[in-house]
Amino acid sequence: EKVASPAEDEQLVLVYCQGEQEKNDVLTCCQASQRPRRRHQKLEVGGWKRWQPMLQSGLPKVPPPYTMAEREAFWVDAGTLLDVSLSATRSGRWPPLLVTDNENLCQVAALGHIRSKLAEIAQIRDAELLTVVMAADFGHLCGVLVSGNPLDQCEPLVAETKEAERQFESAKDVKVTCGVYV
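Residues numbered from 1 in each chain as written. Predicted model: local features only at pLDDT ≥ 70, side-chain atom pairs only at ≥ 80, totals over all residues. Heavy atoms only, no water.

Participant: Mind showing me how you'd approach the pattern of salt bridges here?
Facilitator: Side chains carrying opposite charge are able to pair once their charged atoms draw close together. Per the counting criterion, the structure on display carries four salt bridges. For Lys 23, the salt bridge is made with Glu 20, and the minimal N-O distance between the two is 3.3 Å. Separated by three residues within a single helix, Lys 23 and Glu 20 lie in helix H1 (residues 20–32), roughly one turn from each other. Of the residues examined, Glu 20 reaches a relative accessible area of 48% and is grouped as partly exposed. Between Glu 120 and Lys 117 there is a salt bridge, and its shortest N-O distance comes to 3.3 Å. Of this pair, Glu 120 and Lys 117 both sit in helix H5 (residues 112–122), three residues apart, roughly one helical turn. (Salt bridge = Lys/Arg side-chain N within 4 Å of Asp/Glu carboxyl O. Helix = DSSP H or I, 4+ residues; strand = E, 2+ residues; numbered from the N terminus. Buried < 20%, exposed > 50% of the residue type's maximum accessible area, 1.4 Å probe, protein only.)

Have a look at this one:
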């Protein structure tokens, strides 16, 4: 399937989530994002089978955290990553992202040697493989969700009275002894 290219100040977000709630959360974050605007596209899994023989010969041992019992899941995930990496064209300044709820795919896509091997299989550069982001982290990444305590607020150091101004004026000469100060 062909992926439409985004506008100049728009980022393409390809959604590869199994859970409906995760898909909806990513959609909500894309809609709430203002700069860059994020255009989402849900992926249909189907083109991975053409990659299976090449993945089997290029990566005979399934990389962890996948197990040998999960090798078909790896082929589906890796094949989908390769498919969308080839079809998603980068235009403008924002690279396309693959957002997933699949922790195994995120871990594998973060391993440099596996990324290199996948790129070699697809005959592309490592940098052309899409960045894979966990759906749970996507809201934080695009700045829509903020967690943690708000930053402390401080009043500016301004002399509010004439007497305070005089105190500041009298402290113009400061003696500093030798040493290193940080």
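Participant: Mind showing me how you'd approach the packing of aromatic side chains here?
Facilitator: Scanning all chains against the criterion turns up one aromatic pair. When the ring of Tyr 66 is compared with that of Phe 74, the centres are 5.3 Å apart and the planes differ by 65°; the resulting orientation is edge-to-face. Summarising the burial analysis for this pair, Tyr 66 and Phe 74 share the class buried. (Phe/Tyr/Trp six-rings, centres within 6.5 Å; stacked < 30°, edge-to-face > 60°.)

Participant: Help me understand the sheet that holds strand E3 (residues 97–100), please; the structure alone is not making it clear to me.
Facilitator: Read across the open sheet, the four strands follow the order E2-E1-E3-E4; overall the sheet is parallel. The open sheet has two free edges, formed respectively by strand E2 (37–42) and strand E4 (131–134), since each of these has just one partner strand. Sheet twist, expressed as the average angle between the axes of neighbouring strands with direction ignored, equals 30°. Here strand E1 (residues 10–16) runs beside E2; their pairing, made up of six bridges, is parallel. When the bridges of E2 are listed, Val 15 appears paired with Lys 42. Running over the sheet, H1 touches E1, E2 and E3 and is turned about 175° from E1. (Pairing = 2+ DSSP bridges. Axes fitted to C-alpha atoms, helices over the stretch in contact; angles between N-to-C directions. Contact = heavy atoms within 4.5 Å.)

Participant: How should the packing of helix H3 (residues 71–87) against H5 be read in this particular structure?
Facilitator: The axes of two packed helices give the description: the angle between them and the distance between them. Contact geometry for H3 and H5: axes closest at 11 Å, N-to-C directions at 60°. What the angle tells us is that H3 and H5 run oblique. Read as a crossing pair, H3 and H5 show a hand that is right-handed. Residues Ala 78, Leu 81, Leu 82 and Leu 86 of H3 form the contact with H5, whose own contacting residues are Leu 118, Ile 121 and Ala 122. Looking at side-chain class alone, the contact of H3 with H5 contains seven nonpolar, no polar and no charged residues. (Parallel < 35°, antiparallel > 145°, perpendicular 65-115°, else oblique. Left-handed = near helix turned anticlockwise from the far one by under 90°. Nonpolar A, V, L, I, M, F, W, Y, C, P; charged D, E, K, R; others polar.)

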